[in-house]
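Here is how the chains run, residue by residue.
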Amino acid sequence: MNNTGRLQMSLVKKTSLEVDRAVIDLNTIGTISLTKAVLPHMIECRQGQIVVVSSVLGKFGNYHVHLI
């Protein structure tokens, strides 16, 4: 089970690019990194499944986030 995520609850104009990058890095590269870590063992065993779970916010959004 591969499940990670981070939500930044702040105004877009007040959120630093560093924070934006940290959120994107965790939410994308974190998932890819874990998959790459377990993949060699799964290939060696010739079996396994990777299940990636995302947040429901990806579908519905978060009405608390303001753009201005």
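Residues numbered from 1 in each chain as written. Predicted model: local features only at pLDDT ≥ 70, side-chain atom pairs only at ≥ 80, totals over all residues. Heavy atoms only, no water.

Undergrad: Give a description of a nonpolar patch on the surface that names residues and reports values.
TA: Together, Leu34, Val38, Leu39, Ile43, Ile50 and Val52 give the surface a local cluster of nonpolar side chains, amounting to about 480 Å² of exposed area. Residue Leu34 is classed as partly exposed on the basis of its relative accessible area, which comes to 39%. (Patch = residues over 30% accessible without salt bridge, like charges linked within 9 Å, V, L, I, M, F, W, Y side chains within 5 Å. Areas by Shrake-Rupley, 256 points an atom, 1.4 Å probe, with all protein chains shown as cover. Salt bridge = Lys/Arg side-chain N within 4 Å of Asp/Glu carboxyl O. Buried < 20%, exposed > 50% of the residue type's maximum accessible area, 1.4 Å probe, protein only.)

Undergrad: Lay out the confidence of the model for the chain with the relevant residues and their values.
TA: Summary statistics for the chain give a mean pLDDT of 81 and a share of 81% for residues scoring 70 or more. Mean pLDDT across the secondary structure elements of the chain bottoms out at helix H2 (residues 57–60), with 65, and peaks at helix H1 (residues 17–45), with 91. (pLDDT = per-residue confidence, 0-100. Helix = DSSP H or I, 4+ residues; strand = E, 2+ residues; numbered from the N terminus.)

Undergrad: Can you tell me about H1, naming the residues and giving the values?
TA: If you check H1, its first and last C-alpha atoms are 41 Å apart, about what 29 residues at 1.5 Å a residue would give, namely 42 Å. The largest bend in H1 amounts to roughly 35° and is located at Leu39, with the proline Pro40 lying one to four residues further along. Looking at H1, one finds that the buried residues are Val23, Thr31 and Met42. Elements in contact with the buried residues of H1: strand S1 (2–3) and strand S2 (52–53). (Expected span 1.5 Å × (residues − 1). Bend = angle between axes of the 7 residues up to and from the residue. Contact = heavy atoms within 4.5 Å.)

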